[in-house]
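So you can see what is in the structure, the chains are spelled out below.
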Amino acid sequence: PSSDCVIAEQLCLSDSTCNATYRTLEDCALAKTRLLSLDHHSRVRCLNAELDLGNSSLLHCKCHRRMKRQEHCLRIFWTVHSSMTDGENNHESPLPSTVEHWKTDYNKLAALVSGKNCSQLAGDATNPCLRATHICNLSKKCFRLRTDYASICTKGAGSEDVCDRRKCHRGLRNFFEKVPEDFTKRILFCPCQDEFCGERRRKTIVPDCSFQYNTKPNCLWLLDSCLEDHICKSRLADFQQNCQPVDMSPDGCSLHNHAACLQAYMGMIGTPMTPNYVSNSSVEVSLWCTCENSGNQKEKCDQILGMFESNKCL
């Protein structure tokens, strides 16, 4: 239980010495969030507070996927780890790198779809994305949460009103967090042989709202937006950890665990750094951003974009 940051925080707050240290770290994290520059004495104080935690369960706690109070848990993690890291270079993920296996009724529902009249499901045989959607519709939870985000993300379409991107992102996170991966992975990663299928796959996340802006922002702006958000910062660290490309590796992946990488990729959907397919005719993915006009930070910007566009592991 001590590996859970919420429980670890409760244990720490019940101890006077740990409590005082933790309160110091909260002040340090708050200053960093507000972009306040700390003097040398304050920086040393923050660093010493983190070191003072020693072997405290707070220092080694994690936040589990699909847990309740996830955002609160992630705030605790970054409070404890804020002074020694700058977020973007911190490759330690607050999320345990375990791929979850679900016992679901996916196969039973797929059999029901196969047994239906072919004319009712025209295109199923040649469009795996359409088939995956039909199977999702037979699951109450999958259908409800997919309908929820689709309705939120399409509000404002075709009018001067813009969609509520924040709510759209929250709906997408709910779908990918709460629906078993048997359904979500098949909908997002369905194999396509033609552009009709590819179009459906690309539009899975309703990109007009969740992915695209009127003009492409700079990728450094996307990164800054991500690092200001506990959920996005955590999932970016998880993505960097599980999708770390290595040229010398036979499969191009440092951990040789593509399932964990795909899970980390799905975790980025519904954050300020939401990725998506770039066209209907390929499986290439990217962020909706550009590195033009990056000045002397062009190399850093290219690295951010390259995590998705030219990541052999992914």
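All values reported here derive from a predicted model rather than from experimental measurement. (Residues numbered from 1 in each chain as written. Predicted model: local features only at pLDDT ≥ 70, side-chain atom pairs only at ≥ 80, totals over all residues. Heavy atoms only, no water.)

Participant: Which residues make up the pattern of salt bridges, and what are the values?
Facilitator: In the structure shown here, the tally under the stated rule is 9 salt bridges. With its nearest N and O atoms 3.7 Å apart, the salt bridge here joins E9 to R75. Of this pair, E9 sits in helix α1 (residues 5–13) while R75 sits in helix α4 (residues 70–81), and the two are 66 residues apart along the sequence. Overall, R75 belongs to the partly exposed group, its relative accessible area being 27%. (Salt bridge = Lys/Arg side-chain N within 4 Å of Asp/Glu carboxyl O. Helix = DSSP H or I, 4+ residues; strand = E, 2+ residues; numbered from the N terminus. Buried < 20%, exposed > 50% of the residue type's maximum accessible area, 1.4 Å probe, protein only.)

Participant: Explain the environment of H258 residue by residue, including any values.
Facilitator: The topology assignment puts H258 in helix α14 (residues 258–268). With relative accessibility at 34%, the residue H258 sits in the partly exposed group. The spatial distance from the C-alpha of H258 to the C-alpha of C243 is 7.8 Å, given a sequence separation of 15 residues. Those residues in contact with H258, other than ones at most four positions away along the chain, are D251, C253 and C313. (Contact = heavy atoms within 4.5 Å.)

Participant: Tell me about the packing of aromatic side chains, and please be specific about residues and values.
Facilitator: The geometry of an aromatic ring pair is captured by two quantities: the separation of the ring centres and the angle between the planes. For the coordinates displayed, the defined rule picks out 7 aromatic pairs. Note on F175 and F176: the rings are 5.2 Å apart at their centroids and 80° apart in plane angle, and the pair reads as edge-to-face. Summarising the burial analysis for this pair, F175 and F176 share the class buried. Between F189 and Y265 the ring centres are 6.0 Å apart and the planes differ by 45°, which places this aromatic pair in the tilted class. Placement of F189 in the loop between α9 (181–188) and α10 (195–202) and of Y265 in helix α14 is noted, with a sequence separation of 76 residues between them. By relative accessible area, F189 is classed as partly exposed at 25%. Joined through ring pairs, the aromatic side chains of Y149, F175 and F176 make up one cluster. Looking at R165, its charged tip hangs above the ring of Y213, at a distance of 3.9 Å from the centre. (Phe/Tyr/Trp six-rings, centres within 6.5 Å; stacked < 30°, edge-to-face > 60°. Lys NZ or Arg CZ within 6 Å of the ring centre and 35° of its normal.)

Participant: Help me get a handle on helix α8 (residues 165–178), residues and values and all.
Facilitator: Given 3.6 residues per helical turn, the α-helix brings residues three or four places apart onto the same face. With 14 residues, α8 should reach 20 Å at 1.5 Å per residue; the first-to-last C-alpha distance of 20 Å fits that figure. Contact partners of the buried residues in α8: α4, α7 (140–153), α9, α11 (207–210), α13 (230–242) and α14. (Expected span 1.5 Å × (residues − 1).)

Participant: Account for empty space enclosed by the protein, with residues named and values stated.
Facilitator: Within this structure, the stated rule accounts for 2 cavities of 30 Å³ or more. Roughly 210 Å³ of volume is contained in the largest cavity. Taken together, 17 residues form the lining of the largest cavity, with R65, E177, R235, Q263 and G267 sitting closest to its centre. Secondary-structure elements contributing two or more residues to the lining of the largest cavity are α8, α13 and α14. Looking at which domains feed residues into the lining of the largest cavity, each of domain 1 (5–85) and domain 2 (106–310) supplies at least three. Taken as a whole, the second largest cavity holds about 60 Å³ of empty space. What lines the second largest cavity is R165, H169, S210, F211, Y213, L222, T271, P272, T274 and W288. Its residues assigned to classes, the lining of the second largest cavity comprises 5 nonpolar, 4 polar and 1 charged. (1 Å grid on protein atoms, 1.4 Å probe; cavity = no way out; pocket = protein on both sides within 12 Å on 5 of 7 lines; lining within 4 Å. Points joined across faces, edges and corners; volume = space filled by probe spheres on them. Domains from an automatic or database assignment. Nonpolar A, V, L, I, M, F, W, Y, C, P; charged D, E, K, R; others polar.)

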